[in-house]
Amino acid sequence: MSRAIEIPAADGTIDAQVFTPGNADRPLPAVVLFTDIGGLRPCYHEKAQQLADNGYAVLMPNIYYRDVRGPVVPEGKSFRDPDVRPILFGYAGRLTPEALSRDFTALLTCIDSEAEFADGKLGVVGYCMTGAFALRMAAEHPERVAAAAGFHSANLAKADDPNSLVHVVCTIGGRVYLGHADNDELLPPDQIARLDEALAKAGVHFTTELYKGAAHGFTAKDAPSYDATADALHHKRLALLLEEVL
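Everything numeric in this text was worked out from a predicted model, so none of it was measured. (Residues numbered from 1 in each chain as written. Predicted model: local features only at pLDDT ≥ 70, side-chain atom pairs only at ≥ 80, totals over all residues. Heavy atoms only, no water.)

**What to know about the packing of aromatic side chains**
Definition in use: Here is the rule: rings of Phe, Tyr and Trp (six-membered ring for Trp) pair when centre to centre is within 6.5 Å. Planes less than 30 degrees apart are stacked, more than 60 are edge-to-face, and the remainder are tilted. Secondary structure elements follow DSSP: runs of H or I no shorter than four residues count as helices, runs of E no shorter than two count as strands, and numbering proceeds from the N terminus. With a 1.4 Å probe rolled over the protein chains alone, any residue whose accessible area is under 20% of its type maximum counts as buried; one over 50% counts as exposed, and the rest are partly exposed.
Applying the stated criterion to the full structure yields seven aromatic pairs. The interplanar angle of 80 degrees and the centroid separation of 5.9 Å between the aromatic rings of F34 and F133 together place this pair among those described as edge-to-face. Taken as a pair, F34 in the loop between β3 (30-33) and α1 (42-52) and F133 in helix α4 (residues 131-140) lie far apart in primary sequence, 99 residues in all. The same class applies to F34 as to F133, namely buried. Here F151 and Y177 contribute two aromatic rings whose centre-to-centre distance is 5.5 Å and whose plane-to-plane angle is 40 degrees, an arrangement assigned as tilted. Highlighted residues: F151 in strand β6 (residues 145-151) and Y177 in strand β7 (residues 175-181), separated in sequence by 26 residues. Its relative accessible area of 0% is what places F151 among the buried residues. By relative accessible area, Y177 is classed as buried at 6%.

This is how it looks when you write it as structure tokens:
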């Protein structure tokens, strides 16, 4: 089951969806799900509902609400099309750490006020560029985020990047799981090693796993890189993390 919701935020109104199991009769632990760069679309609605069916209330916001409501990719087009990608990168460029911080506050206020969400700690998961969003939210709100996960994440620890996550992960208090695509040019081995080192030095309870043979975007059913085996493993790992923590 899902319903549309509008969330007041410092920079506007976030259009979002709340997903719950069909038999939900009480508030459930909250999980925030950030889409990949392609934004809201059917394969992410399916992903959010599958997660909710494990016993959670899932909040999936439109990360591009400052520029557009609802789906950002025109019907019949792909976020990989050369006439669409520049638009998405333009939207994504506005998602600075400061902007994200304001959005995180709005999402937590929503969770605290809507009936579907139980009191207590929550989980957050991101894909592609939003794997970094999940970790940043965990770092900024360690008292709230008990579990953070990222899958086929991009640019988590670029060298000489002043906004790199390596500078903020020291404040993460929850569990972290990272499922990386094999030979992913958007997250090469040196970045994986750099982030792992920062997490280890900070004493964060984390797991890093390489999905052997899987390409970037392996969980997106509408992408040519979709890998059913890797996607199934991603659902299994995420379900286990949330079950153990929440």
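From this point, things continue past the structure.
**Notes on the nonpolar core**
This is how the line gets drawn: What we call a nonpolar core is a set of buried Ala, Val, Leu, Ile, Met, Phe, Trp, Tyr and Cys residues that are connected through their side-chain atoms within 4.5 Å. For this analysis, residues touch if any pair of their heavy atoms sits within 4.5 Å.
Judged by nonpolar contacts, the single largest core of 58 residues is most densely connected at L59 and Y64. Not counting residues within four places of it along the chain, the set of residues in contact with L59 comprises I5, I7, A16, Q17, V18, V31, V32, L33, L107, C110, I111 and F117. Within the second largest apolar cluster, 26 residues are counted, among which are C43, A147, L241 and L242.

**Concerning unusual backbone geometry**
For C128, which is not glycine, the phi dihedral falls at a positive 60 degrees. Residue position: C128 is located in the loop between β5 (122-127) and α4. Residues other than glycine seldom take positive phi values, yet H152 does so here, at roughly 35 degrees. Relative to the helices and strands, H152 is located in the loop between β6 and β7.

**Remarks on the sheet that holds β6**
This is how the line gets drawn: Here, a strand pair is defined by DSSP locating no fewer than two bridges between the strands. Fitting a line to C-alpha atoms yields each axis, with helices limited to the stretch in contact; the angle taken between N-to-C directions then spans 0 to 180 degrees.
Pairing within the open sheet is mixed, and its eight strands lie in the order β1-β2-β4-β3-β5-β6-β7-β8. On the outer flanks of this sheet lie β1 (2-9) and β8 (206-211), each paired with one strand and no other. Strand after strand, the sheet turns through a mean of 20 degrees between neighbouring axes, direction not considered. Running over the sheet, α1 touches β1, β2 (12-19), β3, β4 (57-61) and β5 and is turned about 160 degrees from β4. Against the sheet, helix α6 (residues 228-245) makes contact with β3, β5, β6, β7 and β8, and its axis sits at roughly 170 degrees relative to β6, the strand it touches most.

**Considerations on the pattern of salt bridges**
Going by this rule: Just to be clear on terms, a salt bridge is a Lys or Arg side-chain nitrogen sitting within 4 Å of an Asp or Glu carboxyl oxygen.
Taken as a whole and assessed by the stated rule, the structure comprises 16 salt bridges. Note that D36 is salt-bridged to R41, the shortest N-O span being 2.7 Å. The burial state of D36 is the same as that of R41; both residues are buried. Two residues, K201 and E197, come together in a salt bridge whose shortest N-O distance is 3.3 Å. Of this pair, K201 and E197 both sit in helix α5 (residues 189-202), four residues apart, which is roughly one turn of the helix. Here the residues in one salt-bridge network are D11, R66, R102 and D103, joined through shared partners.

Spatial relationships are all this shows, so hold off on functional conclusions.
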